[in-house]
Amino acid sequence: MKIKTFWLAIAAFIMLVNCGNGTEKGSSEINAKITVADSVDATGNYSGIQVLILDFSKGTDQADTLFISKTDTSGFLRGTVKVPSQGLYPLVVSRNGVNLMRSQVLLSANDTLSISGELPGLAGNFKVDSREERAVQIFRRVDTGFSRVLIYLRGGAIADSLVSNEIHKWSDLYWDVYKEYPGTIAASLGAKQSIRILKGFNDDLLLERMNESLTTDQMITNAADFGKKFIAEKQGFDASISFVDSLKSLTKNKDVLQALDKVIIVSYYDSSRVDKSAELLDKFKRQYKNDEIAMEWAGKLDYDLTYLSPGKKMPHFEFVTFDGDSISTESLKGTAYILEISPVTNQMYQTQFDRALVIHQLYQNSGINFYTIPLEKSAITADAFFEERNRPWPVAKPGAFDVKSILDTLNVTIIPTRFLVDEKGIISRKYVAEDFDGVLEGINKIINKKNQEN
């Protein structure tokens, strides 16, 4: 099982929920058969091939060993693997101290993993079979099929009258994964997709399925993300906060309860209700004062509230562009602008670039400018990305600015990070990652305010 983009997507989903799906600590059985081709070793002695599964979830450089065992002369091993929580874990196969393959494996309590492979070329023939793996394969087939359909939909190859039926069909297929493989990561992924693609096509069914799926902590966390945004659009901000708060009654998982508190605090911050956000953050810090990771998160948000929230003066920054122009907070006074900080090789940044380009084209005549600070060490890499796109706005040249100062002063912990600043140098809002979707509202506020003043 090679590490591919699909597995990175699963890892991203697990990271999003941040605390697994509520599966309690447990164990699973492992049966493995790893042999050596006769062309390499005709002795038939396949002993000493080690299988190691690690856990880096504690966020330290030191990994916990969940499983370690070596094959006998027949190439067979059997054992029990500890499962701290349902998720994706690194797996290493080695022999005589030489690493032969690195991969990842899905672990869930009370599952059985059957592993097989042959040396040499283990990376190409290594197989893992388990309930989690089988569920993922079903989800993968559905997801691949829907991705193809999306291409046809976006290309206009499917008649408008048939689009709704097509969406409902694929939503049902995703939902089947959820129903047929309950408790698996694939089930949560299936439910998530089934619900999301119904938006705008059948909102009643969307709500029905979202409520039905609130039986695991993964889906509760997903609802706090997608559901909050959906309800805010339909019923307003206060209703969305009430919805997230109501999710707390569905779980006893302390990590999930903490995640829901974070969602509410950040929601107030993002909606420019800074005082309420600060009030709830103070309560959060008292409640989780003995949680080092929680306090680190709180400290970063506290910095944003104090120095980078809407209405605050944009902190000092400076850089030199590829064209040799010196840009700073002071030189941009009198100009409204969006400042981007991100590696240009970042996948999300590249996905959002076309949207940023359209916004730039639409609003540059209204006095909204763009500036990008790329975080690549190589000026060649950054320049190549923008040269291919005719460099539509000024870009800082790597090496011509203090990276640490920029990251620290602007509290850049997630990328891409963007700031919308008005012509007086006052922060309108800080946008992180997907939040950029809401930038048009902020731009229009700046333009409308400027028109009223004039």
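Reading the values: the criteria
- Residues numbered from 1 in each chain as written.
- Predicted model: local features only at pLDDT ≥ 70, side-chain atom pairs only at ≥ 80, totals over all residues.
- Heavy atoms only, no water.
- Helix = DSSP H or I, 4+ residues; strand = E, 2+ residues; numbered from the N terminus.
- Contact = heavy atoms within 4.5 Å.
- Lys, Arg positive; Asp, Glu negative; His and termini not counted.
- Charge placed at Lys NZ, Arg CZ, Asp CG, Glu CD.
- Buried < 20%, exposed > 50% of the residue type's maximum accessible area, 1.4 Å probe, protein only.
- Pairing = 2+ DSSP bridges.
- Right-handed = clockwise from strand over helix to strand, strands pointing away.
- Axes fitted to C-alpha atoms, helices over the stretch in contact; angles between N-to-C directions.
- Core = buried A, V, L, I, M, F, W, Y, C linked by side-chain atoms within 4.5 Å.
- Left-handed = near helix turned anticlockwise from the far one by under 90°.
- Nonpolar A, V, L, I, M, F, W, Y, C, P; charged D, E, K, R; others polar.
- Salt bridge = Lys/Arg side-chain N within 4 Å of Asp/Glu carboxyl O.
- Arc of directions from axis to C-beta.
- Polar contact = N/O pair within 3.5 Å; in protein donor to acceptor, adjacent residues only side chain to side chain.

A.B. asks: Sorry if this is basic, but what is going on with the overall build of the protein here?
C.D. replies: Scanning the protein from terminus to terminus reveals 15 helices and 14 strands. Projected onto its principal axes, the C-alpha coordinates of the protein cover approximately 85 × 55 × 50 Å. Within the protein, residue pairs in contact and separated by at least 24 positions form 63% of the contacts whose partners lie at least 6 positions apart. Side chains of the protein give 53 positive and 58 negative charges; the mean places of these two sets differ by 2 Å.

A.B. asks: Help me understand the pairing of strand β2 (residues 49-55) in this model?
C.D. replies: Residues in a regular strand point their side chains to alternate faces of the sheet. A large share of β2 lies buried, amounting to seven of its seven residues. Along β2, one buried face is formed by Ile 49, Val 51, Ile 53 and Asp 55 and the opposite face, lined by Gln 50, Leu 52 and Leu 54, is buried too. Note that β2 and strand β5 (residues 87-95) share five bridges and pair antiparallel. Counterpart to Ile 49 in the pairing with β5 is Arg 95. Across six bridges, the pairing between β2 and strand β3 (residues 64-70) is antiparallel. If you follow Leu 54 over to β3, its bridge partner there is Thr 65.

A.B. asks: In this structure, what is going on with the pairing of strand β11 (residues 336-342)? I would like to understand it.
C.D. replies: Judged by how many residues are buried, β11 sits mostly within the fold: seven of seven residues are covered. Sheet topology note: the β11/strand β12 (residues 368-374) ladder contains seven bridges and is parallel. When the sheet's bridge partners are listed, Leu 339 is paired in β12 with Tyr 371. You can see the chain leave β11, run along helix α12 (residues 347-363) and come back into β12, and the turn it takes is right-handed. As defined by bridge partners, β11 adjoins strand β13 (residues 417-421) across five bridges and the pair is classed as antiparallel. For Glu 340, the partnering residue across the bridge sits in β13 and is Arg 418.

A.B. asks: Just checking my understanding: could you explain the sheet that holds β3 for this structure?
C.D. replies: What links the strands of a sheet is backbone hydrogen bonding, and the strands pair in either a parallel or an antiparallel sense. Within the open sheet, the four strands sit side by side as β3-β2-β5-β6. Their pairing is antiparallel. Since the sheet does not close on itself, it has two edges, and those belong to β3 and β6 (98-107), each with one partner. Shown here is a sheet whose adjacent strand axes are inclined to one another by a mean of 20 degrees, direction ignored.

A.B. asks: Before we go on, may I ask you to explain the environment of Gln 137 in this structure?
C.D. replies: Position of Gln 137 among the secondary structure elements: in helix α3 (residues 131-154). With relative accessibility at 30%, the residue Gln 137 sits in the partly exposed group. Residues Gln 137 and Ala 191 lie 54 residues apart in sequence; the distance between their C-alpha atoms is 15 Å.

A.B. asks: How should I be thinking about unusual backbone geometry in this particular structure?
C.D. replies: With glycine set apart, most residues show a phi of negative sign, and most peptide bonds adopt trans. A cis amide bond links Leu 119 to the next residue, Pro 120, at an omega of -5 degrees. Along the polypeptide, Pro 120 turns up in the loop between β7 (112-119) and α2 (122-125). A cis amide bond, omega -5 degrees, links Ile 415 with the succeeding residue Pro 416. Inspection of the secondary structure assignment puts Pro 416 in the loop between α14 (403-409) and β13.

A.B. asks: Could you clarify how one ought to interpret the nonpolar core in this entry?
C.D. replies: Nonpolar side chains in soluble globular proteins generally cluster together in the buried interior. Ranked by size, the top nonpolar core spans 37 residues in total, and within it Phe 243, Leu 247 and Leu 260 carry the most contacts. Those elements that provide at least two residues to this core are α4 (160-180), α5 (185-196), α6 (203-212), α7 (217-235), α8 (237-247), α9 (254-270), α10 (274-287) and α11 (292-308). Every residue in contact with Leu 260, bar those within four places of it in the chain, is listed here: Ile 220, Ala 224, Val 244, Leu 247 and Lys 248. Grouped together as the second largest cluster of nonpolar side chains are 25 residues, Val 36, Tyr 46, Ile 49 and Ile 115 included.

A.B. asks: Whenever I open this one, the side chain of Ser 194 confuses me. Can you help?
C.D. replies: Considering the arrangement of structural elements, one finds Ser 194 in helix α5. Exposure remark for Ser 194: the relative accessible area of 0% places this residue in the buried category. Aside from chain neighbours lying at most four places away, what touches Ser 194 is Ser 171, Tyr 174, Trp 175 and Arg 209.

A.B. asks: What am I meant to see in the packing of α6 against α7 here?
C.D. replies: In helix packing, the relevant descriptors are the interaxial angle and the interaxial distance, both defined with respect to the helix axes. Taken N-terminus to C-terminus, the directions of α6 and α7 make an angle of 145 degrees; their axes are 12 Å apart at the nearest point. When the axes of α6 and α7 are compared, the crossing they make is left-handed. Counted together, Asp 203, Leu 206, Leu 207 and Met 210 of α6 and Ala 223, Phe 226, Gly 227, Phe 230 and Lys 234 of α7 form the full contact between these two elements. Looking at the contact of α6 with α7, its residues break down into six nonpolar, one polar and two charged.

A.B. asks: Quick question: what am I supposed to make of the pattern of salt bridges here?
C.D. replies: Opposite charge on two side chains allows them to pair when their charged atoms are near. Here the structure, examined in full by the defined rule, presents 24 salt bridges. Ionic pairing is found between Lys 229 and Asp 225, a salt bridge with its closest N-O pair at 3.4 Å. Note that Lys 229 and Asp 225 are positioned in helix α7 at a spacing of four residues, about one turn of the helix. A relative accessible area of 39% means that Lys 229 is categorised as partly exposed. A relative accessible area of 22% means that Asp 225 is categorised as partly exposed. The salt bridge partner of Asp 282 is Lys 285, with a shortest N-O separation of 3.8 Å. With Asp 282 and Lys 285 both in helix α10 and three residues apart, this pair spans about one turn of that helix.

A.B. asks: Would you mind going over helix α13 (residues 379-387) with me for this structure?
C.D. replies: The periodicity of an α-helix, 3.6 residues per turn, causes residues three or four positions apart to be oriented the same way. Ala 382, Phe 385 and Phe 386 are the residues of α13 that are buried. Across the axial projection of α13, the buried residues extend over an arc of 90 degrees, all falling on one side. Sitting at the amino-terminal end of α13 is Ser 378, which places a side-chain oxygen 3.2 Å from the backbone nitrogen of Ile 380.

A.B. asks: What's the story with the sheet that holds β12 in this structure? I'm lost.
C.D. replies: Spatially, β12-β11-β13-β14 is the arrangement adopted by the four strands of the open sheet, whose pairing is mixed. Because the sheet does not close on itself, it has two edges, and the strands there are β12 and β14 (427-432). Across this sheet, the average inter-strand angle for adjacent strands is 15 degrees, counted without regard to direction. Strand contacts of α12: β11, β12 and β13, with the helix running at about 155 degrees to β12, the strand carrying the most contacts.

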